[in-house]
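So the chains spell out like this:
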Amino acid sequence: MQNQEQMIVEWDVAIAMDDGLTLRADVFRPRGDERVPVLLSYGPYGKGLAFQEGYPTAWEIMAREHPDTVTGTSNRYQNWETADPEKWVPHGYALLRIDSRGAGRSPGYLDPHSPREIDDIVQCIAWAAQQPWSNGKVGMSGISYYASNQWRAAARRPQGLAAICVWEGYHDRYRDATRHGGMLCSFSRNWAEMQVRTVQHGRGERGARSAITGELVAGLETLAEDVLAVQRANLWPAFQREHLDGPVYQERTAKLEDIDVPLLSCGNWGGQGLHLRGNVEGFLQAGSRQKWLEMHGGTRWAVYYTDYAVELQRRFFDHFLKGADNGWNSTPAVRLQVRHIDHFVERFEYEWPLARTQWQRLYLHPDGSLREDMPPGMARLDYDPQASGQRFVSAPFRETTEITGPSAVKLFLSSQTEDADVFIVLHLIDPAGEEVTFQGALDPHTPIAQGWLRASQRELDIQRSLPYRPYHTHANVQPLEPGVPVELDVEVLPTSIVVPAGYRIGLSVLGKDYEHAGEGASLSNMKNVMRGCGPFLHDDEGDRPAHIYGGRCSLHFDGEAAPYVLLPFIPAA
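What you are looking at is a predicted structure, and each value in this text was computed from that prediction instead of being measured.

Definitions and limits used
- Residues numbered from 1 in each chain as written.
- Predicted model: local features only at pLDDT ≥ 70, side-chain atom pairs only at ≥ 80, totals over all residues.
- Heavy atoms only, no water.
- Domains from an automatic or database assignment.
- Contact = heavy atoms within 4.5 Å.
- Buried area = accessible area lost by both parts, 1.4 Å probe.
- Salt bridge = Lys/Arg side-chain N within 4 Å of Asp/Glu carboxyl O.
- Polar contact = N/O pair within 3.5 Å; in protein donor to acceptor, adjacent residues only side chain to side chain.
- Helix = DSSP H or I, 4+ residues; strand = E, 2+ residues; numbered from the N terminus.
- Nonpolar A, V, L, I, M, F, W, Y, C, P; charged D, E, K, R; others polar.
- 1 Å grid on protein atoms, 1.4 Å probe; cavity = no way out; pocket = protein on both sides within 12 Å on 5 of 7 lines; lining within 4 Å.
- Points joined across faces, edges and corners; volume = space filled by probe spheres on them.
- Core = buried A, V, L, I, M, F, W, Y, C linked by side-chain atoms within 4.5 Å.
- Buried < 20%, exposed > 50% of the residue type's maximum accessible area, 1.4 Å probe, protein only.
- Pairing = 2+ DSSP bridges.
- Lys, Arg positive; Asp, Glu negative; His and termini not counted.
- Expected span 1.5 Å × (residues − 1).
- Phe/Tyr/Trp six-rings, centres within 6.5 Å; stacked < 30°, edge-to-face > 60°.
- Lys NZ or Arg CZ within 6 Å of the ring centre and 35° of its normal.

## Notes on the domain arrangement of the protein chain
Here's step 1: Segmenting the protein chain into domains produces domain 1 (7-331) and domain 2 (358-570).
Here's step 2: On a C-alpha basis, the centroid separation for the pair domain 1 and domain 2 is 32 Å.
Here's step 3: Counting residues at the interface gives 45 residues for domain 1, matched by 44 residues for domain 2.
Here's step 4: Across the domain 1/domain 2 interface, buried area totals approximately 3,700 Å², and carbon plus sulfur atoms make up 56% of it.
Here's step 5: Three residues, Met183, Trp269 and Gln272, lead the burial of domain 1 against domain 2; their summed loss comes to 20% of the area buried on that side.
Here's step 6: For the pair domain 1 and domain 2, the number of links is five salt bridges.
Here's step 7: For Asp540, the salt bridge identified is with Arg189, shortest N-O distance 3.8 Å.
Here's step 8: The tally of links between domain 1 and domain 2 comes to 22 residue pairs in polar contact (both at pLDDT 80 or more).
Here's step 9: Taken together, the elements giving at least two residues each to the side of domain 1 that touches domain 2 come down to helix 3 (56-65), helix 6 (173-178), strand 7 (179-180), strand 8 (183-184), helix 7 (187-196), helix 9 (236-241), helix 11 (276-285) and helix 12 (300-303).
Here's step 10: Residue composition of the side of domain 1 that touches domain 2, by class: 18 nonpolar, 17 polar and ten charged.

## Quick notes on empty space enclosed by the protein
Here's step 1: Under the defined criterion, the tally for this structure stands at nine cavities of 30 Å³ or more.
Here's step 2: Quantified by volume, the largest cavity comes out at close to 210 Å³.
Here's step 3: For the lining of the largest cavity, the secondary structure elements donating two or more residues are helix 7 and helix 9.
Here's step 4: Take the lining of the largest cavity: its biggest share by element is five residues, from helix 7.

## Observations regarding the layout of surface pockets
Here's step 1: A volume near 650 Å³ is recorded for the largest pocket.
Here's step 2: If you list the elements that add at least two residues to the lining of the largest pocket, you get strand 13 (358-364), strand 14 (369-371), strand 17 (401-415) and strand 24 (564-570).
Here's step 3: When residues of the lining of the largest pocket are assigned to their parent elements, the largest contribution, four residues, is made by strand 13.
Here's step 4: Across the lining of the largest pocket, the residue classes tally to twelve nonpolar, five polar and seven charged.
Here's step 5: In this structure, the second largest pocket encloses a volume near 380 Å³.

## Side note on the nonpolar core
Here's step 1: Counting residues in each nonpolar core, the largest one holds 57 residues, and the members touching the most others are Phe51, Trp167, Trp301, Phe316 and Phe317.
Here's step 2: Mapped onto this core, the elements with two or more residues apiece are helix 3, helix 5 (145-155), strand 6 (161-167), helix 7, strand 9 (263-268), helix 12 and helix 13 (307-322).
Here's step 3: Among the elements that make up this core, the one with the highest residue count is helix 13 (seven residues).
Here's step 4: Each of domain 1 (7-331) and domain 2 (358-570) gives at least three residues to this core.
Here's step 5: Among residues more than four places away in sequence, those in contact with Trp301 are Phe51, Ala58, Ile61, Met62, Trp80, Ile143, Ala441, Leu442 and Leu523.

## With respect to the pattern of salt bridges
For side chains bearing opposite charge, pairing can occur when the charged atoms are close.
Here's step 1: Scanning the model with the defined rule gives 41 salt bridges in all.
Here's step 2: A salt bridge links Arg101 to Asp19; the nearest nitrogen and oxygen atoms lie 2.7 Å apart. Placement of Arg101 in the loop between strand 4 (94-99) and helix 4 (115-129) and of Asp19 in the loop between strand 1 (7-16) and strand 2 (22-30) is noted, with a sequence separation of 82 residues between them.
Here's step 3: With a shortest N-O distance of 3.1 Å, Glu225 and Arg203 are connected by a salt bridge.

## Quick notes on the environment of Leu364
Here's step 1: Mapping Leu364 onto the fold places it in strand 13.
Here's step 2: The class of Leu364 is buried, set by a relative accessible area of 0%.
Here's step 3: Sequence spacing of Leu364 and Ala562 is 198 residues, and the spatial spacing of their C-alpha atoms is 7.5 Å.
Here's step 4: The contact partners of Leu364, leaving out residues within four places of it in the chain, are Ser369, Leu370, Pro375, Phe392, Leu411, Leu507, Val509, Phe557, Pro563, Tyr564 and Val565.

## Thoughts on the pairing of strand 23 (residues 553-558)
Here's step 1: Within strand 23, five of the six residues are buried, which leaves it mostly tucked inside the rest of the structure.
Here's step 2: Sheet topology places strand 17 next to strand 23; three bridges connect them, and they run antiparallel. The partner of Ser414 across the bridge, within strand 23, is Ser554.

## Description of the side chain of Arg173
Here's step 1: Tracing the backbone through its elements, the reader meets Arg173 in helix 6.
Here's step 2: Of the side chains with opposite charge, Asp172 comes closest to the buried, unpaired Arg173, at an N-O distance of 8.0 Å.
Here's step 3: Here Tyr170 takes part through its side chain, which lies 3.1 Å from a polar atom of the side chain of Arg173.
Here's step 4: Excluding residues within four positions of it along the chain, Arg173 makes contact with His113, Thr178, Ser188, Phe239, Tyr249, Arg252 and Thr253.

## Brief notes about helix 4
Here's step 1: Its 15 residues give helix 4 an end-to-end C-alpha distance of 21 Å, which sits within 8% of 21 Å, the value for a rise of 1.5 Å per residue.
Here's step 2: For helix 4, every residue scored as buried is listed here: Glu117, Ile118, Asp120, Ile121, Cys124, Ile125, Ala126, Trp127, Ala128 and Ala129.

## Comments concerning the packing of aromatic side chains
Here's step 1: If you walk through the whole model with that rule in mind, you get 31 aromatic pairs.
Here's step 2: Pairing Phe51 with Trp80 gives two aromatic rings, centres 5.2 Å apart and planes at 85°, and the pair type is edge-to-face. Taken together, the residues Phe51 in helix 2 (residues 51-54) and Trp80 in the loop between helix 3 and strand 4 connect sequence positions 29 residues apart. For the pair formed by Phe51 and Trp80, the shared burial category is buried.
Here's step 3: With 5.0 Å between their ring centres and 90° between their planes, Tyr304 and Tyr305 make a pair best called edge-to-face. Each member of the pair, Tyr304 as well as Tyr305, is classed as buried.
Here's step 4: The rings of Phe51, Tyr55, Trp59, Trp80, Trp167, Trp301, Tyr304 and Tyr305 are connected pair by pair, giving a single aromatic cluster.
Here's step 5: In this structure, Arg361 packs its charged tip against the face of Tyr564, placed 4.2 Å from the ring centre.

Structural data, given as structure tokens:
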């Protein structure tokens, strides 16, 4: 193909680190003498493992539902969650794919998201900026892992880094990824088993071979499993042990205020279990003067490769890495794909949350309704946290209404035990009373929004909390006194939904992970069947013992102390 003929490919290029270890990278760059900007990705998924082979079900879904992702390219160089060289090199970019320390072709101790990895990235950026084919400007690109490490690397202000595009990437290891509202999410354990250990350096003949070079994806040596185990970090026991935010999480969390590089943060309305919060908070908290937020829907791994996304990223990088006068600097700060039931409508805004938001409280009533008026008198609703919980439903909307932005829920809750876990779900309900779900970042049946909070970790950071976005310290434990209600403020992650006339909004208060009413779905790289929360489940028995978190709970309604959900209504233009 023409795209391949325009490209020089160098396999396993050596990049020396300051401790003497050599990382291995693949370089894709244009022919000729022109110096070009570099798009860098660094991660543990094996640069030699073809997308099609390593993630077959995800590839099939992408090719079927987004045919533009696989056209205009031979797809020979497609690699999980990194840019396709054939769509970038002909436009004057060099792509640098680096196997992270201890993964793929790079030797060393495998410690995902560690400070050592960020040291490596900083040195790789400097290396890329100094190459004879580089114009000295480096951008970072990629999805998920390749996105989240951009926040931490950019906070170091490395020499040569000129722009980052964080496509669905979390930044807070505790709140975004490992302990939602204080509850341990088992995704980290399953992810390490399914996607990282399979390409650890040293798997050799037990691993895959590159479909292009025929070389072993995970290194020439074939080491015994017990040897490999010693050469990788096992963070899961630390995550189980450390219930509160502390060093094990903070050293893997970005100092957003230190970021000063231009950034484009691209989030997914359906990424509730991992990246959504990070993209929004990263945009808001980053110290950069030049920053943009884009919000979309659809599958995480596919949208990045669409013509829409490639054009968006290219305009951003062209401006900051090539100096192109393409009008990017006059682009409004916020670009939303506003979600309707069966399509999205693009709209530009200038801030987040939207300045014209009409914040509306809908109060929970003991009869199961959501209403604008407060519930009268005193009442109590009991529920079994291991059963169905309690659902509250609004009246049918009289006219089409947009809800776009963050939400928060106020509850007054008691438990028969010393603690309780609260799972909040926002639903869209059709005129027949059926829930409408949406394609999430991974799960094809995702509700419109979710939030979580462990009641004993309800302490708010007063300086950082906002009415529509409570921020919890997760620094102290405040056990419940059985039967005595406590006040809870639950962060509900941002959403966008245009509610048609006749539809209703529902709110569920659960004591376990949400499950939709239909059949589950599977992906080859995910361990569990997805039933509404994707792989982001809170099912670790050690973290949620039944004798504590299975105790009967009660919601309390007491005049002025009334529970409610605060929703962001957007007036029609």
